[in-house]
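# Observations on chain architecture
As a plain string of letters, each chain reads:
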Amino acid sequence: DMAGVIGREARALWLEGVGENHEDNLPHIGLNCWSPNININRDPRWGRNMEVASECPHLNGLYGAIYSRALQEGEDPRYLQVAVTLKHWAAYSLDKWKDFKRETFDANVTRHDLADTYFPAFKRSVREGKAAGVMCSYNRINGVPACASRFLSRVLREAWHFDGYVTSDTSAVEWFVTHHNFSATYEDAVAASLSAGTDVCSGTSYEGHMEEAVSKGIARASDVDVALRHALMIRFRLGLFDDPSKQPYWHVAPSEVSSEKARALSLQMAVESLVMLQNGHGEGRAAKSDGGKPVLPLEKGTTVAVLGCHADAREAMIGNYNGEICRGRTYDCVESPREALTRQNIGGRVVGTAGVRVSSAASDSERADALGAVDEADAVVIFAGLDTSIEDENLDRESLRLPAEQEKFIEDAVAKASSQGKGVTLVLFNGGAVDVSFLKNREGVAVIEAFYPGVYGAAAVASVLFGDESPSGRMPVTTFEENFAETVSMASMRMAADKKSGYPGRTYRYFEGKPLWPFGFGLSYASFSLKWHGGAQGCNGVRRQDGALLMRADRADDFAHESSDQRVHCIVTVRNKSKSRSRKDKSQQGWREEKGVKAVLSAFVEPREVSIPPEWDVSEVHLARRQLRGFRKTTKLRGGEEGVVSLSFPISSFSATAPNGDVVVLPGLYALVLEDGSGDQGEHVLEETVRIAGDAPLVLEPFPDFEETPGGHGMPEKERQNEIVDAILLS
């Protein structure tokens, strides 16, 4: 929904000439969106984690495909609403870390990891999302700059049938000469980029050196023609050469920008993205098993101390890459956390000051005033975290911890509040996950992970803190402790663990240590139970044999296309176990009716006993420990109410990646695990056993085995060209 709103607003702003005809004198807002960023959150230290969806290839692919279609497809199926540009292709997740810089970084990636981790999001966004554009990245991949890689270009166009345009990232082609030492001259760089299928150069190389490169015979004119066809075709698909009077996209009113409906949707997204990591006691539960009182939600009409470096944040909640948020390119119209809590704490008071800066200490008097506010408060909320002075494009972190002055301030505030029996809530603003293990399982301490929650982030956080909404977000990343950063090189692109070297692996799929909080984790104000719907003993859809659901992987012709009889169907009843009750607060609002709480059901596939082909090198076999294969969110359930969710799993849900990069299904036993994200067992988890029968792996998709041929004059011109654009070129 939000991508559709963004696409519609982009059309409206473009029609208004926002940019050159606007008082801020910004560049013209165009119809080519350099979004979404679907790179993997491979390492929490990466400065651009705030831009990406998750560490999970399945989730990133789903996000990329849905975002692309919603952004591009509107009311007129003849044209693109706007054009998507997926970035950054490929294996890009290091900007500036120690002695490594993206300008010179060579990402050494195996075929297994390309197919298993770095390709899937792009593949799904191209095939299912129909993305119109792709941006090649700054880095080299196995020795070749991404924008000069014929291998990557052939994967896109020949293996995945991509029919859009490819642009370089800004200055990436120039860096062939200045940083990568890949091309001797800019004319050589132009030839290498064009022959590798980079249609547009965001930089100066094509404009300044293409003519000379062609005239000297370094670059081929036919490569220029192909690039021009791809680039112009986007303009045709946007309807820029057709009669505007017959296109609804030329008549989008300015009033559609930041409409009431769009603002409400933005607030809803901010609310549903908040993740409660703990609520005043041990792991997993939204309320103590012994009936003890959790920290959250807070009561309205009380005195709340609002402290921490982000207590008055505005710009810091937005993250990077944002346009004009408020008139005059300020952030004055953004509500701060302190203002939001003051507005929503009806009949109560908000006291306190920040007491600390993001990366430094506050004055002694301000620190003392902030800690002194704990004495007069009924509850304490600390807004802490990072900002773009610590993590950003071209700025990776070296530590996973909060800056030392923040940790010290938080410790002092928690100690003082605890000594008075007052609860403390830590709200984190950050892109990459942070290590706050010093607060893990602390009595009387709740933790909310807000990431960078956006323009309406403060309102969203306040509504959750006061219980008007329940947190329902789940962690899209693994939260590691500091020793991960101390022992793992950010420059290693390897995903699987290596016991010989002590390498622990990356992301929830391969990490073999104990995380601070795992991928998919998130608490609620309610407690849920799961059971198979209608008294069933498990999932269905295929035959059951010896207690396991049976799927077959021994006849590829029958099952490679995932026929209906090769799907496992699971229907689950989710019950809100909490008592249905109204809540009384100390404001003048009196009794407030319970709104209900959303539950999230996540489905993971875990290999248990699988058959490894004897011809495979066992040392090169890396099977993901578990893989997210689906999720569903219920409607809001009041105490005692039930909701029903269903999920369906084709045979590809049980796939793995062979050492040579083939996507395969291995015969053997698998667990299909459905869980509510609380970290608890028992009625919070359902498990089904699936047996894949067969004598050999079923190959779902071979690795795109194209040779890399760097340098020279490259790829043959494609036979299929658009007749309309051909006519323009000939004329």
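Once a new chain begins, its residue numbering starts again from 1 and follows that chain's sequence as written. Only residues with pLDDT of at least 70 are given local features in this predicted model, and only at 80 or more are side-chain atom pairs given and counted; all residues enter the totals for whole chains, interfaces and linings. Computation of side-chain values covers all heavy atoms of the structure but excludes hydrogens and water.

## Focus on the nonpolar core
To define a nonpolar core, start from buried Ala, Val, Leu, Ile, Met, Phe, Trp, Tyr and Cys residues and group those joined through side-chain atoms within 4.5 Å. Burial classification: accessible surface area is computed with a 1.4 Å probe over protein chains only, and a residue below 20% of its type maximum counts as buried, one above 50% as exposed, and the rest as partly exposed. Of all hydrophobic cores here, the largest spans 78 residues; its most connected members are Trp-89, Phe-119 and Trp-160. Throughout, a contact is declared for two residues whenever any of their heavy atoms are within 4.5 Å. Ignoring any residue separated from it by four or fewer positions in sequence, one finds Trp-89 in contact with Phe-119, Phe-122, Val-134, Met-135, Cys-136, Ser-137, Ala-146, Leu-152, Val-155, Leu-156 and Trp-160. Core analysis: the second largest hydrophobic core is formed by 77 residues, Cys-309, Ala-370, Leu-426 and Phe-429 among them.

## Regarding the sheet that holds strand β2 (residues 83-89)
At least two bridges found by DSSP between two strands is the condition for calling them paired. By definition, any uninterrupted DSSP run of H or I lasting at least four residues is a helix, any uninterrupted run of E lasting at least two residues is a strand, and each is numbered from the N terminus. Spatial ordering of the open sheet is given by β1-β2-β6-β9, a layout of four strands whose pairing is parallel. Lying at the two open borders of the sheet, with one neighbouring strand each, are β1 (32-33) and β9 (165-168). Inspection of the sheet shows β1 paired to β2 by two bridges, in the parallel sense. Residue Asn-32 lies in a different strand from β2, and its bridge partner there is Ala-83.

## Remarks on the state of the cysteines
Any two cysteine sulfur atoms lying within 2.5 Å of each other are counted as a disulfide. Going through the model one piece at a time under the given rule, you end up with three disulfides. Across the disulfide, Cys-136 is cross-linked to Cys-147 (sulfur-sulfur distance 2.1 Å). Given an S-S torsion of about 105°, the disulfide between Cys-136 and Cys-147 has right-handed geometry. Here Cys-136 is found in strand β6 (residues 133-136), whereas its partner Cys-147 is found in the loop between β8 (144-145) and α5 (150-159), with eleven residues between them in sequence. Taking relative accessible area as the criterion, Cys-136 reaches 1% and is therefore assigned buried. Across a sulfur-sulfur distance of 2.0 Å, Cys-539 and Cys-570 are joined as a disulfide pair. Disulfide Cys-539-Cys-570: the torsion about the S-S bond is 100°, which places it as right-handed.

## Focus: the packing of helix α12 (residues 364-376) against helix α13 (residues 404-419)
Axis definition: a line fitted to C-alpha atoms, limited for helices to the stretch in contact. Angles are taken between N-to-C directions and run from 0 to 180 degrees. Two numbers describe how α12 lies on α13: the axes approach to 9 Å, and their chain directions differ by 25°. Relative to α13, the element α12 lies roughly parallel. The way α12 lies across α13 gives a crossing that is right-handed. Together, Arg-367, Ala-370, Leu-371, Gly-372, Val-374 and Asp-375 of α12 and Lys-408, Phe-409, Asp-412, Ala-413, Lys-416 and Ala-417 of α13 make up the contact between the two elements. Roughly parallel means an angle under 35 degrees; roughly antiparallel means over 145; roughly perpendicular covers 65 to 115; every other angle is labelled oblique. Should the near helix be turned counterclockwise from the far one by less than a right angle, the crossing is left-handed, whereas a clockwise turn marks it as right-handed.

## Here we look at empty space enclosed by the protein
Residues are called lining when one of their atoms sits within 4 Å of a cavity or pocket point, these points coming from a 1 Å grid over the protein atoms alone, where a cavity is a set in which a 1.4 Å probe fits but cannot get out and a pocket is an open set with protein on both sides within 12 Å along at least five of seven lines. Grid points are joined across faces, edges and corners, and a volume is the space filled by probe spheres set on the points. Taken as a whole and judged by the stated rule, the model has six cavities of 30 Å³ or more. Empty space within the second largest cavity amounts to approximately 70 Å³. Residue lining of the second largest cavity: Ala-115, Phe-119, Pro-120, Lys-123, Trp-160, Gly-661, Val-663, Glu-701, Pro-702, Phe-703 and Pro-704, and that is the complete set. Residues were grouped as follows: Ala, Val, Leu, Ile, Met, Phe, Trp, Tyr, Cys and Pro as nonpolar; Asp, Glu, Lys and Arg as charged; and all remaining residues, including Gly, as polar. Residue classes in the lining of the second largest cavity are distributed as eight nonpolar, one polar and two charged.

## Here we look at the confidence of the model for the protein chain
When pLDDT is low, close inspection of the predicted coordinates is not appropriate. Scored by pLDDT, the protein chain comes out at a mean of 92, with 90% of its residues at no less than 70. Each residue gets a pLDDT score, which is the predictor's confidence in that residue and runs from 0 to 100. Note that residues 584-592 has pLDDT below 50 and, in this model, 24 contacts with residues that lie over four places away or in other chains. Confidence drops under pLDDT 50 across residues 712-731; counting only partners more than four residues distant or on other chains, this segment forms 42 contacts.

## Some remarks on the sheet that holds strand β15 (residues 445-449)
Ordered in space as β10-β15-β14-β13-β11-β12, the six strands form an open sheet in which the pairing is mixed. What marks the edges here is a single partner per strand, and that holds for β10 (275-279) and β12 (349-351). Here the average twist between neighbouring strands, direction ignored, is 20°. With five bridges connecting them, strand β14 (residues 424-429) and β15 associate as parallel partners. Pairing of Val-424 across the sheet is with Val-445, part of β15. Contacting β11 (303-307), β12 and β13 (379-385), α12 runs over the sheet at an angle of about 160° to β11. α13 contacts β11, β13, β14 and β15 of the sheet and is inclined by roughly 170° relative to β13.

## Comments concerning the pattern of salt bridges
Within this document, salt bridges are pairs made up of a side-chain nitrogen of Lys or Arg and a carboxyl oxygen of Asp or Glu, the two lying within 4 Å of each other. Tallied over the entire structure, the rule returns 42 salt bridges. We note a salt bridge from Lys-300 to Asp-468, for which the minimum N-O separation is 2.9 Å. Taken together, the residues Lys-300 in the loop between β10 and β11 and Asp-468 in the loop between α14 (457-465) and α15 (482-487) connect sequence positions 168 residues apart. Assessed through its relative accessible area of 7%, Lys-300 is described here as buried.

## A short note on the packing of helix α7 (residues 186-195) against helix α8 (residues 205-215)
In contact at an axis separation of 8 Å, α7 and α8 are set at 95° when each is read in the N-to-C sense. Overall, the two elements α7 and α8 adopt an arrangement that is roughly perpendicular. Taking contact as the criterion, the partners of Tyr-186, Glu-187, Val-190, Ser-193 and Leu-194 in α7 are, on α8, Ser-205, Tyr-206, His-209, Met-210, Glu-212 and Ala-213. Of the residues that constitute the contact of α7 with α8, the class distribution is six nonpolar, three polar and two charged.

## Focus: helix α3 (residues 111-118)
A large share of α3 lies buried, amounting to seven of its eight residues. All of the buried residues along α3 are His-112, Asp-113, Leu-114, Ala-115, Asp-116, Thr-117 and Tyr-118. As for α3, its buried residues are in contact with α2 (57-72), α4 (120-127), α5, α16 (507-510) and β25 (655-657).

## A few points about unusual backbone geometry
A negative phi holds for most residues other than glycine; trans holds for most peptide bonds. Cis rather than trans, the peptide bond between Trp-89 and Ala-90 has omega equal to 10°. Relative to the helices and strands, Ala-90 resides in the loop between β2 and β3 (96-97). Backbone torsion omega between Leu-296 and Pro-297 reads 0°, so that peptide bond is classified as cis. Within the secondary structure layout, Pro-297 lies in the loop between β10 and β11.

## Brief notes about the packing of aromatic side chains
Note on aromatic pairs: each is described by the distance of the centres and the angle between the planes. Think of it this way: a Phe, Tyr or Trp ring, Trp meaning its six-membered ring, pairs with another when their centres are within 6.5 Å, and the plane angle makes it stacked under 30 degrees, edge-to-face over 60, tilted otherwise. Summed over the entire model, instances satisfying the criterion amount to 23 aromatic pairs. Note on Phe-100 and Phe-105: the rings are 6.1 Å apart at their centroids and 85° apart in plane angle, and the pair reads as edge-to-face. The exposure class assigned to Phe-100 is partly exposed, which follows from its relative accessible area of 34%. The class for Phe-105 is buried, based on a relative accessible area of 6%.

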